Amino acid sequence: WLGIATVAIAFLSEELTGALEPAAAAWGLPQAFVGFCLLPIVGNAAEHSTAIVCAYKQKMDLALGVALGSSTQIALFVIPVMVVIGWVIQQPLDLFFGPFPTAVTFLSTNLVFMVVQNGETNWLEGAMLLFSYAIICFSFLFY
């Protein structure tokens, strides 16, 4: 059953992600906003819901592992594999993002590190992370 559920979620995620680009174009949203703010939320909806359910059930270690594990997996595996696949099919894909997206990624990574380094959190740190995400999304809306 797990394999069937995985295939179904992958298919639904692909359909939802595919519908995002025409909708963003129709609304006049910039590609940087779609790529940095909307696509991660839509593409990882299943992982986000798992982390929220785990946090609701007071399993914070598991919730944190799901949330940070997904980011680590994308950064250390998926992006390098996509660069190699792009090289094989002769579709150029480099990792040059420009100064603003690189600075935002660096600062947000440092912010998350500072929040999780002591192993405990509170509502104020969660609110800080949510408002930081809103500021990042707002900045990419006009980037």
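Structural data are supplied above this passage.
Residues numbered from 1 in each chain as written. Predicted model: local features only at pLDDT ≥ 70, side-chain atom pairs only at ≥ 80, totals over all residues. Heavy atoms only, no water.

**Q** Would you mind going over helix α3 (residues 45-56) with me for this structure?
**A** Each turn of an α-helix holds 3.6 residues, which means side chains three or four residues apart point in the same direction. Taking 1.5 Å per residue as the helical rise, α3 with its 12 residues ought to reach 16 Å, and the 16 Å between its terminal C-alpha atoms agrees with that figure. Backbone geometry just downstream of α3 places Gln 58 in the positive-phi region, at approximately 65 degrees. (Helix = DSSP H or I, 4+ residues; strand = E, 2+ residues; numbered from the N terminus. Expected span 1.5 Å × (residues − 1).)

**Q** Help me out: how do you make sense of the nonpolar core in this one?
**A** The nonpolar side chains of a soluble globular protein tend to be buried, and buried together. Counting residues in hydrophobic clusters, the biggest one holds six residues: Phe 33, Cys 37, Val 104, Ile 136, Cys 137 and Phe 140. Sorting the residues of this core by element identifies α2 (31-43) and α6 (123-141) as the ones contributing at least two each. The dominant element in this core, judged by the number of residues it contributes, is α6, at three residues. Other than its neighbours up to four places away in sequence, Cys 37 contacts Ala 32, Tyr 133, Ile 136, Cys 137 and Phe 140. (Core = buried A, V, L, I, M, F, W, Y, C linked by side-chain atoms within 4.5 Å. Buried < 20%, exposed > 50% of the residue type's maximum accessible area, 1.4 Å probe, protein only. Contact = heavy atoms within 4.5 Å.)

**Q** Looking at this model, I keep getting lost on unusual backbone geometry. Mind explaining?
**A** The phi dihedral of Gln 58 is positive, around 65 degrees, even though this residue is not glycine. Positive phi, normally seen in glycine, also occurs at Gln 90, with a value near 60 degrees. Gln 90 gets classed as exposed once you look at its relative accessible area, which sits at 72%.

**Q** Would you mind going over the packing of α3 against helix α4 (residues 60-88) with me for this structure?
**A** Helix packing for two helices is described by the angle between their axes and how far apart those axes are. With their axes 7 Å apart at the nearest point, α3 and α4 run at an angle of 160 degrees to one another. Comparing their axes, α4 and α3 come out roughly antiparallel. Note that α3 runs across α4; the crossing there is left-handed. Contacts between α3 and α4 involve Glu 47, Thr 50, Ala 51, Cys 54 and Ala 55 from the first element and Met 60, Leu 62, Ala 63, Val 66 and Ser 70 from the second. (Axes fitted to C-alpha atoms, helices over the stretch in contact; angles between N-to-C directions. Parallel < 35°, antiparallel > 145°, perpendicular 65-115°, else oblique. Left-handed = near helix turned anticlockwise from the far one by under 90°.)

**Q** Sorry, what's going on with the environment of Trp 123 here?
**A** Mapped onto the fold, Trp 123 is located in helix α6. Relative accessible area serves as the criterion here: at 70%, Trp 123 is assigned to the exposed category. When the C-alpha atoms of Trp 123 and Thr 109 are compared, they prove to be 19 Å apart, with 14 residues separating the residues in sequence.

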